Amino acid sequence: MILSNAYKKDIISKNTKLIPLVIIEKITGEEMAAAPLVGDPIYERIFLSTHNVQVDGHHFQPLLLKMPSLSQNLDLDSGRFQTSSLTLNVSNTDYNNSKRISDKLDKYNLINAVVCIHYKTQSCTSIQLPNQDSGGIVDETTDTDVGCPRVFTGVIRKISHQLDTITFSIEDITDKRITRNLPNIRLESNENVPDKYK
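This is a predicted model, so every value here is computed, not measured. (Residues numbered from 1 in each chain as written. Predicted model: local features only at pLDDT ≥ 70, side-chain atom pairs only at ≥ 80, totals over all residues. Heavy atoms only, no water.)

### Description of the overall build of the chain
Counted only if it meets this: The numbering of helices and of strands both runs from the N terminus, where a helix is a DSSP run of H or I of at least 4 residues and a strand a run of E of at least 2. Relative accessibility under 20% of the residue-type maximum defines a buried residue, over 50% an exposed one, and the middle range a partly exposed one, all with a 1.4 Å probe and only protein chains included. Here, two residues are considered to be in contact whenever any of their heavy atoms come within 4.5 Å of each other.
When helices and strands are tallied, the chain shows three helices and nine strands. Along the chain, helices and strands appear, N-terminal first, in the series α-β-β-β-β-β-β-α-β-β-β-α. For the chain, buried positions account for 36% of its 198 residues. Put simply, of all contacts in the chain between residues at least 6 apart along the chain, 63% involve residues at least 24 apart.

### Regarding the pattern of salt bridges
Oppositely charged side chains may form a pair once their charged atoms are brought near each other. Cut-off, in case you're wondering: We define a salt bridge as a side-chain nitrogen of Lys or Arg found within 4 Å of a carboxyl oxygen belonging to Asp or Glu.
Overall, the coordinates contain two salt bridges when judged by the stated rule. Taking the shortest distance from any N to any O, the salt bridge between Glu 25 and Arg 45 comes out at 2.7 Å. With Glu 25 in strand 1 (residues 19–32) and Arg 45 in strand 2 (residues 39–49), this pair connects stretches of sequence that are 20 residues apart.

### Some points on the environment of Ser 169
Relative to the helices and strands, Ser 169 resides in strand 9 (residues 165–172). On the accessibility criterion, Ser 169 (26% relative accessible area) is partly exposed. Once you skip the residues sitting within four places of it in the chain, Ser 169 turns out to touch Leu 86, Val 155, Ile 156, Arg 157 and Lys 158.

### Quick word on the side chain of Ser 91
This is how it is decided: In protein, a polar contact means a hydrogen-donor-capable atom and an acceptor-capable atom, both N or O and within 3.5 Å, with residues adjacent in sequence counting only if both atoms are side-chain atoms; elsewhere, any N or O pair within 3.5 Å suffices.
Position of Ser 91 relative to the elements: it lies in strand 6 (residues 80–91). Take Ser 91: its relative accessible area is 12%, and that puts it in the buried class. A polar contact is formed between the side chain of Ser 91 and the side chain of Thr 93, at a distance of 3.3 Å. With sequence-adjacent residues up to four places away left out, Ser 91 is seen in contact with Leu 63, Leu 65, Ile 101 and Asp 164.

### Focus: the environment of Gly 154
Position of Gly 154 among the secondary structure elements: in strand 8 (residues 150–161). For the pair Gly 154 and Ala 113, spaced 41 residues apart in sequence, the C-alpha separation works out to 8.4 Å. Excluding residues within four positions of it along the chain, Gly 154 makes contact with Ala 113, Val 114, Val 115, Ile 170, Glu 171, Asp 172 and Ile 173.

### Thoughts on the packing of aromatic side chains
Defined as follows: Pairing of aromatic rings covers Phe, Tyr and Trp, the last through its six-membered ring, and needs centres within 6.5 Å; plane angles under 30 degrees mean stacked, over 60 mean edge-to-face, and all others mean tilted.
Counted by the stated rule, this structure contains one aromatic pair. The interplanar angle of 80° and the centroid separation of 5.2 Å between the aromatic rings of Phe 47 and Phe 60 together place this pair among those described as edge-to-face. Separated by 13 residues along the polypeptide, Phe 47 in strand 2 and Phe 60 in strand 4 (residues 58–60) bring together distant segments of the chain. For the pair Phe 47 and Phe 60, a shared accessibility class is recorded, and that class is buried.

### Points about the pairing of strand 9
Threshold: Note on pairing: two strands pair once DSSP finds at least 2 bridges between them.
Direction of pairing for strand 8 relative to strand 9: antiparallel, over a ladder of seven bridges. Looking at strand 9, one finds that Val 155 is bridged to Glu 171. Between strand 8 and strand 9, which pair antiparallel in sequence order, lie three residues.

Right under this line is the structure:
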């Protein structure tokens, strides 16, 4: 996680206001480019928050029903890492004459859409869009001066829908970033190494 200077300054001040900003991004097609076989992705994005806020020219609708909470597990005994997940509860109301989120689900499926969660403080004024590539790898840069830090990146795995609420089950995107084969190096077979580690 990259923390901007503005964020670091704000969290040590007496009055700090943290606002969650959620960006849901789905690639819905490709724009044809001049060169053959090269196209720019076409994105559909949904901007959500607990507050009615505008950041970097993007309007975040106050449809997020509560602050997202995240948990992560690591079993040191077995060496297993459990992919973290979270649940977003979103209001499915018609806000400011915009369509309900469930109406957008008719146009394109949000399963496997990328979700990025940022935190905004009073001095943070810019936000990095996911801008994922065709493989689902997300741009992880942040403006180090006034950027809202990205605290979570995941993909939607399950959607449950009721009349007034939509619940997104989101899984961490870590498994797409981990590409190293383990073990990285092997220990020698000498008397200093216990048998179970050879």
